Amino acid sequence: MKKVMPFDFLLDYLPATVVIRPAIGMYYIYFEGKIVLILRKVSKNSKHNGLWIATKQEDHAGLKADIPAITDFVLDEGETFESAWLQLSDTHDDFEEAAIRICELVSHRDKRIGKATPKAVQFTSGLNHE
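Residues numbered from 1 in each chain as written. Predicted model: local features only at pLDDT ≥ 70, side-chain atom pairs only at ≥ 80, totals over all residues. Heavy atoms only, no water.

## Some details on the overall build of the protein chain
Point 1. For the protein chain, the count of helices and strands is 3 helices and 8 strands.
Point 2. In the protein chain, the succession of helices and strands from N to C terminus is β-β-β-β-α-β-β-β-α-β-α.
Point 3. A burial count over the protein chain gives 43% of its 130 residues as buried.
Point 4. Taking all contacts inside the protein chain whose residues are at least 6 apart in sequence as the whole, residues at least 24 apart take part in 58%.
Point 5. For the protein chain, the accessible area works out to roughly 7800 Å², and carbon and sulfur atoms hold 53% of it. (Helix = DSSP H or I, 4+ residues; strand = E, 2+ residues; numbered from the N terminus. Buried < 20%, exposed > 50% of the residue type's maximum accessible area, 1.4 Å probe, protein only. Contact = heavy atoms within 4.5 Å. Areas by Shrake-Rupley, 256 points an atom, 1.4 Å probe, with all protein chains shown as cover.)

This is the structure we're talking about:
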């Protein structure tokens, strides 16, 4: 049985050149040498389902101010997890609108979203050579 990428409607709001790599229950989204998003929908730890946004600590406040549905990660014990990642929960009332807004920020190359990694560069560098 073929697995379907969760929240695939978001592809309409992302650049056509994104690279999507599946992982267990998640789909990594790469764009121009950076990991920008992870789409997650699994039954284990379902509170972490939704969009994970690759960013920097110093950009968290600005992104959360622009899109109030975005949150920090919260561990099972209720502790906030300090991370370069932010989360948009798929259970949030404003999930679809907020997710589309995040994808639009990616499309407009918002400097607050994305993290360059060797793997991200590897996955996206071949696009210019095909």
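## Observations regarding unusual backbone geometry
Point 1. A positive phi angle, near 50°, is found at E32, a position not held by glycine.
Point 2. Mapped onto the fold, E32 is located in the loop between strand 2 (26-31) and strand 3 (34-40).

## Overview of the pairing of strand 4 (residues 50-54)
Point 1. With respect to burial, strand 4 is a largely interior element, 5 of its 5 residues being buried.
Point 2. With 4 bridges joining them, strand 3 and strand 4 adopt antiparallel strand pairing. Across the sheet, residue L37 finds its bridge partner in strand 4, namely I53.
Point 3. By the bridge criterion, 5 bridges tie strand 4 to strand 7 (residues 85-89) in an arrangement that is antiparallel. Bridge pairing links W52 to Q87 in strand 7. (Pairing = 2+ DSSP bridges.)

## Here we look at the side chain of H60
Point 1. As for its placement among the helices and strands, H60 is situated in helix 1 (residues 60-66).
Point 2. A residue is classified by how much of its surface remains accessible, and H60, at 5% relative accessible area, is buried.
Point 3. For H60, the residues in contact, after removing those within four places along its chain, are T55, D72, S83, A84, W85 and L86.

## Notes on the pattern of salt bridges
Point 1. By the definition in use, this model includes 5 salt bridges.
Point 2. Between K41 and D90 there is a salt bridge whose closest N-O contact spans 2.7 Å. On the criterion of sequence distance, the pair formed by K41 in the loop between strand 3 and strand 4 and D90 in the loop between strand 7 and helix 2 (95-107) is long-range, its members being 49 residues apart.
Point 3. For D90, a relative accessible area of 16% puts it in the buried group.
Point 4. Between R112 and D66 there is a salt bridge; the shortest N-O distance is 2.8 Å. Here D66 lies in helix 1 and R112 lies in the loop between helix 2 and strand 8 (115-116), a separation of 46 residues in the sequence.
Point 5. A cluster of three or more residues bridged by salt bridges with shared partners is formed by D66, D110 and R112. (Salt bridge = Lys/Arg side-chain N within 4 Å of Asp/Glu carboxyl O.)

The values reported here are purely geometric and, on their own, carry no functional implication.
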